[in-house]
Amino acid sequence: MIRVLVWNEFHHEKTKEEVKAIYPNGIHNAIADFLRCDDIEVKTATLDDENCGISKEILDETDVLIWWGHMAHNKVPDEVASLVRDAVHSGMGAIFLHSAHHSKPFKKLMGTPCSLTWRESGDSELVWVTDPSHPITQGIDYAISLPHEETYGEPFSIPNPDKVLFIGSYSGGEAFRSGCLFQRGNGQIFYFQPGHETFPTYYIPEVQTVIRNAVRFVAPRYRAEIKCPHVHHFGHPEGYVRVKKA
């Protein structure tokens, strides 16, 4: 089983009636509902949980963390963001959705401002597949059609991705790297742009397929804390050995 933790601020749904009408049980539960299946088990956490629902012990038992945030990035303690960063370095997979590009964990992992251009005008969007052979794009035709979505545009101040799997084009003319893969330490990261809170994006089957595929792709293949041991070189009479400290 792939153990998934879906994290969501869960503030928009409590403060905005139009968001509550779309996601009455929260974006986190909407995502959890379509992810649960024979090989994926899901738990959820929110900003208002104790310690944001994040601890080292919880992350040690999490294979993939999905993060959605928007209006309260600054309320996530730096210590929590560092725990997420360290877990990814050790091999936990992470998926950052929509405005989580400005979340503290994502920015710690990228090491850049992660800023972009944006506007809320309800443009339509086509999310184009750039690599139809990749496991995350399986089940998707040439593009995902989104009737309405918040407009994101370049420049997107992230490091060059290891791979761009989707490029979004909007009716207003913008283009955006909508699906990006990164590796940090032993962990895989996928950023996926669709998912503005005032549109029912997470009910669209193709969007669900991408996120489900991404969970399976970024799930750990190797998980271990990255250390800096002192070792003898290969030419040592005893071979390649770790040196024990006195």
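Whatever comes next refers back to the structure up there.
None of the values given here were measured: they were computed from a predicted structure.

Draft legend 1. Structural context of the sheet that holds strand E1 (residues 2-8). Reading across the sheet, the nine strands line up as E2-E1-E3-E4-E11-E10-E9-E6-E7 and stay open at both edges, with mixed pairing between neighbours. Both outer strands of the open sheet, strand E2 (40-46) and strand E7 (143-146), are each paired with one neighbouring strand and no more. Along the sheet, successive strands turn relative to each other by an average axial angle of 15°, direction set aside. In this sheet, E2 lies alongside E1 in parallel orientation, the contact comprising seven bridges. Bridge pairing links Asn8 to Thr46 in E2. Each of E1, E2, strand E3 (64-68), strand E4 (93-97), E7, strand E9 (163-170), strand E10 (175-184) and strand E11 (187-192) is contacted by helix H7 (residues 205-218), which is oriented at about 170° to E11, the strand it contacts most.

Draft legend 2. Spatial organisation of the pattern of salt bridges. For the structure shown, the criterion picks out twelve salt bridges. Measuring nitrogen to oxygen at the nearest pair gives 2.9 Å for the salt bridge that ties Glu61 to Arg3. Highlighted residues: Glu61 in the loop between helix H4 (56-60) and E3 and Arg3 in strand E1, separated in sequence by 58 residues. Look at Arg3 and you get partly exposed, because its relative accessible area is 26%. Across the pair Asp78 and Lys104 runs a salt bridge, and its minimum N-O distance is 2.8 Å. Here Lys104 lies in helix H6 (residues 104-110) and Asp78 lies in helix H5 (residues 78-89), a separation of 26 residues in the sequence. For Asp78, a relative accessible area of 43% gives the class partly exposed. Residues joined by salt bridges that share partners form a network here, namely Arg3, Glu61 and Asp63.

Draft legend 3. Local environment of unusual backbone geometry. The amide bond that connects Glu154 to the next residue, Pro155, takes the cis arrangement and shows omega of 5°. Even without being a glycine, Cys52 presents a positive backbone phi close to 65°. Examined against the element boundaries, Cys52 turns out to sit in the loop between E2 and H4. Even without a glycine there, the phi angle at Cys114 is positive, about 60°. Looking at Cys114, the relative accessible area reads 0%, which means it is buried.

Rules used in this analysis
Residues numbered from 1 in each chain as written. Predicted model: local features only at pLDDT ≥ 70, side-chain atom pairs only at ≥ 80, totals over all residues. Heavy atoms only, no water. Pairing = 2+ DSSP bridges. Helix = DSSP H or I, 4+ residues; strand = E, 2+ residues; numbered from the N terminus. Axes fitted to C-alpha atoms, helices over the stretch in contact; angles between N-to-C directions. Contact = heavy atoms within 4.5 Å. Salt bridge = Lys/Arg side-chain N within 4 Å of Asp/Glu carboxyl O. Buried < 20%, exposed > 50% of the residue type's maximum accessible area, 1.4 Å probe, protein only.

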